[in-house]
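Coordinates in review
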Amino acid sequence: MDLLLWGIFPYIILTIFIGGHIYRYQKDQFGWTTKSSEFLEKKSLRIGSLLFHWGIIFVFGGHVLGLIIPVGLYNALGITEHMYHMVAISFGVPAGIAAFVGIFLLTYRRMSVKRIKATTSPSDWVSLFFILLAIATGLIATTFNVDPNGFDYRTTIAPWLRGLFIFNVQPELMATVPIWFKIHIYCTFALYAAWPFTRLVHAFSFPIRYLSRSYVIYKRRIPTNKESY
């Protein structure tokens, strides 16, 4: 069972995530957009979007520092487990709360503003639901692990995750992982599986061509004498 849950299923999700994006880009380039609703309502969007995007950026950075960078590097730099844990909690929890409040406001906005609700597609509700679920379970897992002497995911989840990318499957590392971390991981898997089929694809749209394109020159049009009459 552990091999299926932590050795095979992650590759199924990764295949859907990568393959889904390739298929979506080939078949639905015009749908590869944020579908902005700013012209329908701005105030709630501005607050919710800022909280969510800045929060999720710091959350992502924290995941990179905790899961991608080996614990041996921190030990070599003289950063103890206690020091790392305190920094992770001090920055991770506020970032997670900000992201959660932001996505909650954006969800409430779509439910309460009639014009926006009318233009919201089923895929939009799916993406909002799974984002809320992933962030909420992440906050719960972090809350249960506030104790500095608690579970250290850098010696279990982190090497398991890094091993997947080099095809060194180690499902046994997940055997002692607390249930709330496992729930968070699978909620994240659900988000990744739905990602390619929602507006979330816009996260991979980088305006690189803007760096090389010519400037758009705006000229004031002065009417002639004939046009002034």
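The notes below deal with the structure included here. (Residues numbered from 1 in each chain as written. Predicted model: local features only at pLDDT ≥ 70, side-chain atom pairs only at ≥ 80, totals over all residues. Heavy atoms only, no water.)

**With respect to the pattern of salt bridges**
Tallied over the full model, the rule gives three salt bridges. With its nearest N and O atoms 3.0 Å apart, the salt bridge here joins Arg 24 to Asp 28. (Salt bridge = Lys/Arg side-chain N within 4 Å of Asp/Glu carboxyl O.)

**Quick look at the packing of aromatic side chains**
Per the stated rule, a full pass over the model turns up 15 aromatic pairs. Where Trp 195 meets Phe 204, the ring centres are 5.8 Å apart and the plane angle is 45°; that geometry is what we call tilted. Under the relative-accessibility criterion, Phe 204 is labelled partly exposed at 42%. An aromatic cluster is present here, built from Trp 6, Phe 9, Trp 160, Tyr 186 and Phe 189 joined pairwise through their rings. Of note, Arg 154 hangs over the ring of Tyr 74, and the distance from its end group to the ring centre comes to 5.5 Å. One residue, Arg 154, lies across the ring of Tyr 84, its end atom 4.1 Å from the ring centre. (Phe/Tyr/Trp six-rings, centres within 6.5 Å; stacked < 30°, edge-to-face > 60°. Buried < 20%, exposed > 50% of the residue type's maximum accessible area, 1.4 Å probe, protein only. Lys NZ or Arg CZ within 6 Å of the ring centre and 35° of its normal.)

**Some remarks on the packing of helix 4 (residues 81-112) against helix 6 (residues 122-144)**
Between helix 4 and helix 6, the least distance of the axes is 10 Å, while the angle of their chain directions is 155°. When the axes of helix 4 and helix 6 are compared, the pair comes out roughly antiparallel. Crossing of helix 4 against helix 6: the hand is left-handed. Facing Ile 89, Val 93, Gly 96, Ile 97, Ala 99, Phe 100, Ile 103, Phe 104, Thr 107, Arg 110 and Met 111 of helix 4, the residues of helix 6 in contact are Trp 125, Leu 128, Ile 131, Leu 132, Ile 135, Ala 136, Leu 139 and Thr 142. Its residues assigned to classes, the contact of helix 4 with helix 6 comprises 15 nonpolar, three polar and one charged. (Axes fitted to C-alpha atoms, helices over the stretch in contact; angles between N-to-C directions. Helix = DSSP H or I, 4+ residues; strand = E, 2+ residues; numbered from the N terminus. Parallel < 35°, antiparallel > 145°, perpendicular 65-115°, else oblique. Left-handed = near helix turned anticlockwise from the far one by under 90°. Contact = heavy atoms within 4.5 Å. Nonpolar A, V, L, I, M, F, W, Y, C, P; charged D, E, K, R; others polar.)

**What to know about unusual backbone geometry**
One non-glycine residue, Phe 167, adopts positive backbone phi at about 60°. With respect to the element layout, Phe 167 can be found in the loop between helix 7 (157-165) and helix 8 (179-194).

**Some remarks on the environment of Arg 162**
Looking at the element boundaries, Arg 162 is found in helix 7. In this structure the C-alpha to C-alpha distance between Arg 162 and Pro 70, which are 92 residues apart in sequence, comes to 9.1 Å. Excluding anything up to four places from it in sequence, Arg 162 contacts Leu 67, Ile 68, Ile 69 and Pro 70.

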